[in-house]
Amino acid sequence: SHLLTSLTPWSEPPPPPPDAVRAPLPVGAMGADSGPVMRALQEEDAKASGENKKDPIPQPNTAELSNDGTSCVQALNHVEEDGEPTPAEHASTIAAGAICSGGAYGLCRLLLSSGHTEDAVDMMHSLATSSTALYGLASMERHPLHTRALPPSLAAGRGPVVRMFALSLGYFAADFIKIAVDVLLRGKYPHLWAGRLVHHTIQLGANWPGIFCRGKPKDQVLAWRSGLCMAYVAELSSIFLRLSNLLRQGPSGVRGLRLRKAVNWALVLSFFGSRIVNFACAIAMFVQARPIIPPRLFALGATVQTCGYALSAGWFLKILRIALKTTSEGAVPSIEC
């Protein structure tokens, strides 16, 4: 048995796992020169434990405040709940309105004269904007501050009413560009070009705050867009205005005269209702919303509405005089309303 035991092959014990904790050995167990060895082993253990140690992941500090005094989380939620298109999206819609207006003008110009082309394109613009504005006006709900207000679906930045504001502004921008090209490059002055430029400037001051509302208080946005939608009902009278201009070279005789008289008086009634009366209601609603509108913006709105109402009053008197004196040769002149 002693021989068999001596012939049994000797095998070394398996090495300990890499992450096993090495028990410290007494210095005397390894002889007098074991001090450096022990220090090397201890340094190796310290190095291994340092590699396995993980720093905690820093957590974001939600208590940090943004520039406007709200927390970062609140600011993020405000942006997510805002739902307003970006300025680039609104700009693309305005550009689309300008391009469509230019294309419509080019197509109509192939068949009509320059004056009749302007009347036809403006009539299409008035039909689209007034129908949308009337739909918004009919859908308005009662509001505790400014009497009437658009419902949330129509007051939203991606809704049909705000999109109409942007497309309409593109139409006025296209006419502004046309006037600039005619005056600066061609040396021609279109009919009533100065009045049209004044009108487009006023319209820009009215539409811009109602379109670019990202990050603005919702009450302020609702008040401005509701008032602007009501004011756009005035485009209804432009339909009869342009129709009257198109009939200037219409059928002659008694039937032609009666037709022009009917259109002119329809223009008078629609102008009085949609501009004189309706503008007054829109201004009253705007004044009621003064507590929620910033002072500078309120001053801009008051200036725009005052100028618009003054222009409408002057045009109404002129249209009324022409309607009273309509003859076989008379008609309402082509003025930008």
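Residues numbered from 1 in each chain as written. Predicted model: local features only at pLDDT ≥ 70, side-chain atom pairs only at ≥ 80, totals over all residues. Heavy atoms only, no water.

**A look at the nonpolar core**
It is characteristic of soluble globular proteins that their nonpolar side chains tend to be buried jointly.
Thinking step 1. Core analysis: the largest hydrophobic core is formed by 28 residues, its most contacted members being Ala-133, Leu-150, Val-161, Phe-165, Ile-211, Cys-229 and Tyr-232.
Thinking step 2. Counting only elements with at least two residues in this core, the list comes to α4 (87-109), α5 (114-138), α6 (152-155), α7 (160-184), α8 (193-211), α9 (218-231) and α11 (253-288).
Thinking step 3. Residue contacts for Val-161: discarding those within four places in its chain leaves Thr-132, Leu-150, Leu-154 and Cys-229.
Thinking step 4. Ranked by size, the runner-up nonpolar core spans nine residues in total, among them Leu-241, Val-268, Phe-271 and Ala-323. (Core = buried A, V, L, I, M, F, W, Y, C linked by side-chain atoms within 4.5 Å. Buried < 20%, exposed > 50% of the residue type's maximum accessible area, 1.4 Å probe, protein only. Helix = DSSP H or I, 4+ residues; strand = E, 2+ residues; numbered from the N terminus. Contact = heavy atoms within 4.5 Å.)

**Re the UniProt feature "transmembrane region" (unreviewed entry) in the chain**
Thinking step 1. What UniProt calls "transmembrane region" (unreviewed entry) maps, in this numbering, to residues 222-241, 262-285 and 297-317.
Thinking step 2. Secondary structure within residues 222-241 divides into 85% helix and 0% strand; the distance between the first and last C-alpha atoms comes to 31 Å.
Thinking step 3. End C-alpha atoms of residues 297-317 are separated by 31 Å, and the span's content is 100% helix alongside 0% strand. (UniProt positions renumbered as here; feature names shortened; annotations may be inferred.)

**Re the packing of aromatic side chains**
Thinking step 1. Under the definition given, this model contains eight aromatic pairs.
Thinking step 2. When the ring of Trp-224 is compared with that of Phe-286, the centres are 5.6 Å apart and the planes differ by 80 degrees; the resulting orientation is edge-to-face. Taken together, the residues Trp-224 in helix α9 and Phe-286 in helix α11 connect sequence positions 62 residues apart. Accessibility classification places Trp-224 together with Phe-286 in one group, the buried group.
Thinking step 3. Seen from their ring centres, Phe-286 and Phe-298 are 4.9 Å apart, and the 5 degrees between their planes marks the pair as stacked. With a gap of 12 residues between them, Phe-286 in helix α11 and Phe-298 in helix α12 (residues 295-324) connect regions that are remote in the sequence.
Thinking step 4. A relative accessible area of 8% places Phe-286 in the buried class. (Phe/Tyr/Trp six-rings, centres within 6.5 Å; stacked < 30°, edge-to-face > 60°.)

**Considerations on the packing of α8 against α9**
Thinking step 1. In contact at an axis separation of 9 Å, α8 and α9 are set at 135 degrees when each is read in the N-to-C sense. Classified by the angle their axes make, α8 and α9 are oblique. The chirality of how α8 crosses α9 is left-handed. Within the contact between the two elements, α8 uses Gly-205, Ala-206, Asn-207, Pro-209, Gly-210 and Ile-211 and α9 uses Trp-224, Arg-225 and Leu-228.
Thinking step 2. Here the contact of α8 with α9 is built from residues that sort into five nonpolar, three polar and one charged. (Axes fitted to C-alpha atoms, helices over the stretch in contact; angles between N-to-C directions. Parallel < 35°, antiparallel > 145°, perpendicular 65-115°, else oblique. Left-handed = near helix turned anticlockwise from the far one by under 90°. Nonpolar A, V, L, I, M, F, W, Y, C, P; charged D, E, K, R; others polar.)

**A word on empty space enclosed by the protein**
Thinking step 1. In the structure shown here, the tally under the stated rule is two cavities of 30 Å³ or more.
Thinking step 2. Its boundaries defined by the atoms lining it, the largest cavity holds a volume of some 480 Å³.
Thinking step 3. What lines the largest cavity is a set of 26 residues, among which Gln-203, Ala-206, Ala-231, Phe-279 and Val-304 lie closest to the centre.
Thinking step 4. Listed by contribution, the elements that provide at least two residues to the lining of the largest cavity are α8, α9, α11 and α12.
Thinking step 5. For the lining of the largest cavity, the leading source of residues is α12, giving eight residues. (1 Å grid on protein atoms, 1.4 Å probe; cavity = no way out; pocket = protein on both sides within 12 Å on 5 of 7 lines; lining within 4 Å. Points joined across faces, edges and corners; volume = space filled by probe spheres on them.)

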